Amino acid sequence: MPIKPVTCHVAICDVCGTTYGTDRDDEHAVHCTTREAAVDLVHADPEWLVTTDGHVICLLGDPAHQAALDALLPPAPATVCDGQLPLDL
């Protein structure tokens, strides 16, 4: 039996370093044969996110993950109403 190198791809959260598929101690990381297969796998999971620029984020509810998600959003638009007087507080 020959020994040959095999390249595999795993998804890892850019925020906390969690490897996809290792949410519990008894699980092993999910290995894919191509990057596209790994992206497709993570896209199918509602608890993980792949951004358009290739970042992978697991959706834990802590401040670091929320900050990473907030950074993806555009800035809030300024509210401007015709004839509105400025409030001087």
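Everything below is about the structure printed above this text.
The numbering scheme is per chain: residues are counted from 1 as the chain's sequence reads. In keeping with the predicted nature of the model, local features appear solely for residues at pLDDT of at least 70, side-chain atom pairs appear and are counted solely at 80 or more, and the whole-chain, interface and lining totals rest on all residues. Side-chain metrics rest on all non-hydrogen atoms present in the structure, leaving aside hydrogens and water.

A. Representation of the overall build of the protein chain in the model. Here a strand is any run of E in DSSP of at least two residues, a helix any run of H or I of at least four, and the numbering for each starts at the N terminus. Scanning the protein chain from terminus to terminus reveals two helices and two strands. From first element to last, N terminus to C terminus, the protein chain shows the α and β order α-β-β-α. Residue exposure (1.4 Å probe, protein chains only): buried if accessible area is under 20% of the type maximum, exposed if over 50%, otherwise partly exposed. Here the protein chain holds 89 residues, and 18% of them are scored as buried. Looking at the protein chain alone, contacts between residues at least 24 apart form 35% of all its contacts between residues at least 6 apart. Accessible area of the protein chain: about 7,300 Å², with a carbon and sulfur share of 59%. For this analysis, residues touch if any pair of their heavy atoms sits within 4.5 Å. For the accessible areas, the method is Shrake-Rupley and the probe is 1.4 Å, while residue cover comes only from the protein chains on display.

B. Fine view of the nonpolar core. We define a nonpolar core as any set of buried Ala, Val, Leu, Ile, Met, Phe, Trp, Tyr and Cys residues linked to one another through side-chain atoms lying within 4.5 Å. The biggest cluster of nonpolar side chains holds eight residues, and these are Ala11, Cys13, Tyr20, Val42, Trp48, Val50, Val56 and Cys58. Secondary-structure elements contributing two or more residues to this core are β1 (48–50) and β2 (56–58). Residues contacting Val50, with those up to four places away along its chain left out, are Val39, Val42, His43, His55 and Val56.

C. Structural view of the state of the cysteines. Cysteine sulfur pairs qualify as disulfides if the two atoms are within 2.5 Å. The full count for this structure, using the stated rule, is zero disulfides. Take Cys16: it sits in no disulfide, and the sulfur closest to it among the cysteines is that of Cys58, at 3.6 Å. Residue Cys16 is classed as partly exposed on the basis of its relative accessible area, which comes to 37%. A disulfide-free cysteine, Cys32 has its sulfur positioned 8.7 Å from the sulfur of Cys8, the nearest such atom. Overall, the relative accessible area of 11% leaves Cys32 in the buried class.

D. A look at the side chain of Thr51. Residue placement: Thr51 occurs in the loop between β1 and β2. At 2.3 Å, the side chain of Thr51 forms a polar contact with the side chain of Asp53. Ignoring anything within four residues of it in the chain, the contact list for Thr51 reads Ile57 and Leu72. Counting of polar contacts relies on pairs of N or O atoms within 3.5 Å, with two restrictions inside protein: one atom must be capable of donating a hydrogen and the other of accepting it, and residues adjacent in sequence are counted only when both atoms are side-chain atoms.

E. Molecular detail of the environment of Cys13. Within the fold, Cys13 resides in the segment before α1 (35–43). Sequence spacing of Cys13 and Trp48 is 35 residues, and the spatial spacing of their C-alpha atoms is 8.5 Å. Ignoring any residue separated from it by four or fewer positions in sequence, one finds Cys13 in contact with Thr18, Trp48, Val56, Ile57, Cys58 and His65.

Everything listed here is a matter of geometry and, on its own, says nothing about what the molecule does.
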